Amino acid sequence: MVSIWDAEIRRWEKDKPPKSERRLSPILPILFYTGDQSWNVPLTLEALMNLPKELERFIPKFETVQLDVKETEVEVLTQTEHLIGWLLTVLQKERASPEELRRALVDMLMHTDTLPAGQAAEKREAIQYILSLIMHRRPPAEHEALIELVDKHTPTLEVNSMTRTIAHELMEQGIEIGEQRGIEIGEQRGIEIGEKRGEQRGLVRAKWEAILKVLSSRFSDVPDTLTRKIGRMHSLQRLDSIHTQALEVQAIEDIEW
């Protein structure tokens, strides 16, 4: 909140509006809670301080609207027909069965079809969010079918191009993600095992990136289906073989998968 007000003040200094027009905007704080457990943390500044009673009256006070996304009925989320509400209905199903997720996804995509042309930018951002959710939160085996579903309902958007960008970002983060997952596993099963698994996952993601870089540099058009196929491979030996072939073959079709 302070950062928003600070940005407004800096705009005053730049644009120099009349002093009578210099007013800070009111801010409505909203917490969108997407966790699976109940929220039980106080939503006040006082809760973050070791505060003597004598100083309580000097602490800024404001209410925060809390929305527990996972526990809120779909009808409540979508009652205003706002796109964010429909996106939250898909987020509710991030760990649900594939059938439940597909139903929520279809309902959301059908709503985006009704948006006016003036909201094209909002629609594109919504689809980018949905694709990121699919690739970050769902099993790799589901990616292709879900992405095809999104593409079917949004023919005017470059869904495959968005997917390729997200895939590349995932690969660039691969080593870091692998190390972090290794640490998490290590806390549960022993640091040594965790580090080995984290290193393995990091190496796999790094190999994905290396293969795609070679293919992109040697061939003008790398099919999106091929990008997703590589992203589902986890055998280093197999990936090494494909990397070697990518350096030597004269056409993508010559690679033996």
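Residues numbered from 1 in each chain as written. Predicted model: local features only at pLDDT ≥ 70, side-chain atom pairs only at ≥ 80, totals over all residues. Heavy atoms only, no water.

**Description of the overall build of the protein**
Inference 1: When you go through the protein residue by residue, the secondary structure sums to eleven helices and two strands.
Inference 2: For the protein, the N- to C-terminal ordering of α and β elements is α-β-β-α-α-α-α-α-α-α-α-α-α.
Inference 3: Out of the 257 residues in the protein, the part that is buried amounts to 34%.
Inference 4: Put simply, 59% of the contacts in the protein that link residues at least 6 apart link residues at least 24 apart. (Helix = DSSP H or I, 4+ residues; strand = E, 2+ residues; numbered from the N terminus. Buried < 20%, exposed > 50% of the residue type's maximum accessible area, 1.4 Å probe, protein only. Contact = heavy atoms within 4.5 Å.)

**Considerations on the side chain of threonine 72**
Inference 1: Tracing the sequence through the fold places threonine 72 in the loop between β2 (65-68) and α2 (74-77).
Inference 2: Separated by 2.6 Å, the side chain of threonine 72 and the backbone oxygen of aspartate 68 make a polar contact.
Inference 3: Not counting residues up to four positions away in its chain, the partners in contact with threonine 72 are Leu67, Leu77 and Gln92. (Polar contact = N/O pair within 3.5 Å; in protein donor to acceptor, adjacent residues only side chain to side chain.)

**Comments concerning the environment of threonine 34**
Inference 1: Tracing the backbone shows threonine 34 in the loop between β1 (30-33) and β2.
Inference 2: With relative accessibility at 30%, the residue threonine 34 sits in the partly exposed group.
Inference 3: Those residues within four positions of threonine 34 in sequence are excluded, and the remaining contacts are Val69, Lys70, Leu91 and Glu94.

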